Amino acid sequence: MKNFVVKTIANAGALAVAVWLLDKITLTGDSTAKKAGTLIVVALIFGLVNWLVKPIVKVLTFPLFILTLGLITLVVNALMLLLTSWVCGKLDLSFHVQGFWTAVVGGLIVSVVSWALHVVLPDED
């Protein structure tokens, strides 16, 4: 359970950095508390998307992983971020990613920040 909480907090922090750095990734809300709550929910959705959909996409695109020496990972991460944005739109959450290239850069930011936070935060159960 502790591992799940740490990963969710790391995802929320990584998404917050992406929102802060990129103008076309937006998170709106009336107050800071509402934005933080929305960010936690978005992090949960992002984690769920990565847990359910990403392995299937990786298996289906395995030849491209070999052909591109893993660079297709940037595209897969961007698609996961766009899918998260789409799900958030369906759930009336105020998180939106505008455009594919924004999603590519956002996915790269989320990956790097999430990795750095996982190094710093403890994750034992």
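Heads up: the structure comes first, above all this text.
Predicted model only: the values in this text are computed from it and were never measured. (Residues numbered from 1 in each chain as written. Predicted model: local features only at pLDDT ≥ 70, side-chain atom pairs only at ≥ 80, totals over all residues. Heavy atoms only, no water.)

Novice: Could you give an account of the overall build of the protein chain, with specific residues and numbers?
Specialist: When its secondary structure is counted, the protein chain shows six helices and two strands. Counting from the amino terminus, helix and strand elements in the protein chain follow one another as α-β-α-α-α-α-β-α. Here the protein chain has a C-alpha radius of gyration of 14 Å; the compact-globule value for 125 residues is 14 Å, and the two agree. Taken along its principal axes, the extent of the C-alpha atoms in the protein chain is 45 × 35 × 25 Å. The buried share of the protein chain, taken over its 125 residues, is 34%. Look at the contacts in the protein chain between residues 6 or more apart in sequence, and 74% of them connect residues 24 or more apart. Here the protein chain displays about 7,600 Å² of accessible surface, and carbon together with sulfur accounts for 73% of that area. One way to put it: in the protein chain the 8 positive side-chain charges average out to a point 7 Å from where the 6 negative ones average out. (Helix = DSSP H or I, 4+ residues; strand = E, 2+ residues; numbered from the N terminus. Rg over C-alpha atoms; globule rule 2.2 N^0.38 Å. Buried < 20%, exposed > 50% of the residue type's maximum accessible area, 1.4 Å probe, protein only. Contact = heavy atoms within 4.5 Å. Areas by Shrake-Rupley, 256 points an atom, 1.4 Å probe, with all protein chains shown as cover. Lys, Arg positive; Asp, Glu negative; His and termini not counted. Charge placed at Lys NZ, Arg CZ, Asp CG, Glu CD.)

Novice: Pulling in residues and values, what's your account of helix α2 (residues 32-52)?
Specialist: Taking 1.5 Å of rise per residue, 21 residues should cover 30 Å, and α2 covers 30 Å from first to last C-alpha, within 8% of that figure. Inspection of α2 places T38, L39, V42, A43, I45, F46 and V49 among the buried residues, and these make up the whole buried set. Buried-residue contacts for α2 involve α1 (2-21), β1 (25-27), α3 (54-60), α5 (72-90), β2 (95-97) and α6 (100-120). (Expected span 1.5 Å × (residues − 1).)

All we've got here are geometric facts, nothing functional implied.
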